[in-house]
Amino acid sequence: MSVKAFELVPAVEWEQLMGEKVRIGIECIECCGQHLYVGTNDCFIHHFLLEERSTKGRLTYSSQKLLQKFLGLKKPVAELKAASALERLIILCDGTVSLLDMVTLEPVPFGGAKVKNVIAFCVNENPVTADPFCVEMAVVSARRRAVQIFTVHEDRVQMLKEVTTPEQPCALSVDGYFLCLALPTQYMILNYSSGASQDLFPYDSEERKPIVKRIGREEFLLAAPGGLGMFANAEGISQRAPVSWSESVIGAAVCFPYVVALDEGFVTVHSMLDQQLKQTLSFREGHILQNFEGKVVVSSTKAVYVLVPLPLEQQIQDLLAGHRVEEALTLAEGAQRNIPKDKFQILHKRILQQAGFIQFGQLQFSEAKEHFRKGQLDVRELISLYPLLLPASSSFTRCHPPLHEFADLYHLAQGDQEKVQRCKRFLISYLREVRSSESTNGFREDVDTALLKLYAESGHDSLLDLLASNNACLLADSAPWLEKHHRSGFTFYHDCMSKCIRTAFCVRKLQDSELLLTERATLHGKLEEHDKALNILVHQLKNCRAAEDYCTWASQDQDQAYRQRLFHQLLSVYLDPDVPGGTQTVEAVDLLNRYSDIFDSAQVLELVPEAWSLTLLRPFLCGALRASVHARRTSQVALALAQAENMQLQHDRLKYRGGPVFMSEKRGCQLCHNTFREPDFVCLPGGTPVHTHCATQRLRDSPTKRSHLDHGHTCNHT
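Residues numbered from 1 in each chain as written. Predicted model: local features only at pLDDT ≥ 70, side-chain atom pairs only at ≥ 80, totals over all residues. Heavy atoms only, no water.

An unreviewed UniProt entry annotates the protein as Transforming growth factor, beta receptor associated protein 1 originating from Astyanax mexicanus.

*Asks:* Looking at this structure, how should I read the environment of Ser-429?
*Replies:* Tracing the sequence through the fold places Ser-429 in helix 8 (residues 417-434). For Ser-429, a relative accessible area of 40% gives the class partly exposed. Between the alpha carbons of Ser-429 and Val-586 there is a distance of 10.0 Å; along the sequence they are 157 residues apart. (Helix = DSSP H or I, 4+ residues; strand = E, 2+ residues; numbered from the N terminus. Buried < 20%, exposed > 50% of the residue type's maximum accessible area, 1.4 Å probe, protein only.)

*Asks:* Help me understand the side chain of Asp-175 in this model?
*Replies:* Take Asp-175: it is sitting in strand 14 (residues 171-175). Judged by its relative accessible area of 0%, Asp-175 falls in the buried class. Of note is the side chain of Asp-175, whose polar atom sits 2.4 Å from the side chain of Arg-214. (Polar contact = N/O pair within 3.5 Å; in protein donor to acceptor, adjacent residues only side chain to side chain.)

*Asks:* Would you mind going over the side chain of His-47 with me for this structure?
*Replies:* In this structure, His-47 sits in strand 4 (residues 44-55). In this structure His-47 touches His-35, Leu-36, Tyr-37, Gln-64, Lys-65, Leu-66, Leu-67, Met-102, Val-103 and Leu-105, once residues within four positions along its chain are discounted. (Contact = heavy atoms within 4.5 Å.)

*Asks:* Could you clarify how one ought to interpret the nonpolar core in this entry?
*Replies:* Across soluble globular proteins, nonpolar side chains show a tendency to be buried alongside one another. If you look at the biggest cluster of nonpolar residues, it comprises 41 residues, and the most contacted ones within it are Phe-360, Phe-372, Leu-382, Ile-383 and Leu-431. Secondary-structure elements contributing two or more residues to this core are helix 4 (341-361), helix 5 (365-374), helix 6 (379-383), helix 7 (409-413), helix 8, helix 9 (444-458), helix 10 (463-468) and helix 11 (475-484). No other element matches the eight residues that helix 8 contributes to this core. Filtering out sequence-adjacent residues up to four positions away, Phe-372 remains in contact with Gln-353, Gly-356, Phe-357, Phe-360, Leu-377, Leu-382, Phe-426 and Tyr-430. Phe-283, Leu-312, Ala-335 and Ile-351 belong to the second largest nonpolar core, which has 35 residues in total. (Core = buried A, V, L, I, M, F, W, Y, C linked by side-chain atoms within 4.5 Å.)

*Asks:* Looking at this structure, how should I read the sheet that holds strand 6 (residues 77-83)?
*Replies:* For sheets, the rule is that strands pair by backbone hydrogen bonds, running either parallel or antiparallel. If you trace the four strands from one edge of the open sheet to the other, you get 6-7-8-9, paired in antiparallel fashion. On the outer flanks of this sheet lie strand 6 and strand 9 (114-116), each paired with one strand and no other. Averaged over all neighbouring strand pairs, the angle between strand axes comes to 20 degrees, with direction disregarded. Two elements, strand 8 (residues 96-101) and strand 9, share three bridges in a ladder whose sense is antiparallel. Within strand 9, the position partnered with Ser-98 by the bridge is Lys-114. (Pairing = 2+ DSSP bridges. Axes fitted to C-alpha atoms, helices over the stretch in contact; angles between N-to-C directions.)

See the structure below:
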């Protein structure tokens, strides 16, 4: 589904660049800060100054031409790269790499500042040298199957190393010691320090132009067969899903969290987070697309444009306005690394609250509750949707900008009374859950008064419990509301007040009953009848917290499998559809989220109803995945430590026995007196080597001597 992520803004128009020269075209571009360099097919370099301007919230560019330089050849300028620390411009023209002054565009007057017979070059953005006043550069040689590594200084270019390749590369990129190469028939990763290489996947460079782009530390973006944009790291592994772009893509760049691609007719924008196409921009005669330190520049052969990203918050709000909750959350969480931590926390909480209200409006109450909880919603935002529920004395005012589009509950329901009642039932359950939490500190009166009004209006059985408890209901608001909702000719208010006299006795009786049930549950637990104990706690005592505490208590001093089995039993009790009240979805989700490291995720996915959304299970799945990865890494560390300890013991054992035994083909066996043809041998006491088959025969003849032989191997075979 589409989202407006970028705007195409003109930077340099045709008239500024070419004037009246019709046949002149752009070949390459380089952008360094405000400085834009354009290489053309008539061997000119044009230097522009780009100025950003914000007009009514929109970013525009104006360009001023500072200089142009003719290089004196009849060949196009193939590539440009700025080395700002050196104030040098590295250019490739007519197979030669040379240096120009960035300001004057004059050639560097030294004979050692050129490299000839070059097909392509790239600069190492993650240099391995410590000198800040030199630039590392990888060059594809035109005369051999090799890549050459150079350092570029202010007045010279110096070759450090040459590494051979299976075929002559036609495109390359470099990060640290890792070269990502497009060969005529395949892509490969090559470590030019160690010589290690890794083939990636086949590719026919005659059919399509290869694309090799460094997009981050030890990570590259490649054009793969079938119109795919593939990611590969330095180990040759793809840790991101590919994006599906056009078969005729000629340029690509990453502007996180988006992959931007160019073909001859369009610029397409795909998300790296869900791999979906988000935006398509018409762009005829597309020629070049590059990302210059966050500034995405696209050009035809005649003009240059900048793809200006829209603010992330605007993109997210556009998605929420279209009720695309999952996409908005994915975009926000995926872009976390680009936002300061404090700002992200504020932004993320607001997005979660907005998402909760969207799902509340769609009657997706479980998902809404989860987002309200994670977003730390002020519950009065929800109460305020229900007319007259907040006390008249409440100082609450709704958030601005608003978190939702609803005036009140009746606007949301559009006259549907069933929807109104469902929303009220949800609010009752939500208020019962949050009223005792720290999130209501400072406005407990608002919460308890609203809950009392809902109880009174619906004739809820829990009204007496609320009145008998340590509540914070405001009498001025509560009494009229109780009087309003009368029954059988007597006001409900007076009915409640008279019943309150008997409340203490009822509560004591209820407590005795609860004590008996608790004792029964404990007895079942001691008899290992955990399913019966959990059913009592959940369905008779209605105490889910006690059920979870029971699982923790019963699994003390037990192994992980026992503990897991117990929590799975509790989950099954929550999900039992055949008990009064049906499945307890909210409690089941809370259980999974709180104890994600205990559950077997595969068994959980078999238990939960198919109707549950991925959003509902996301916290559990993320926690389970972290626990699984942690366990695997812990076991790997333990294995490595055990192997290291074993190796040390073997080393100490050999050292104790007198050190290594040196072998050669001239040394003879002390049993058969023949020389050694293989490196395997056995040592007699004292370190005398013999053939393994001779030792075997000797053992067979004299079993009592078995303990005097030790297996060995050559430490140095000369």
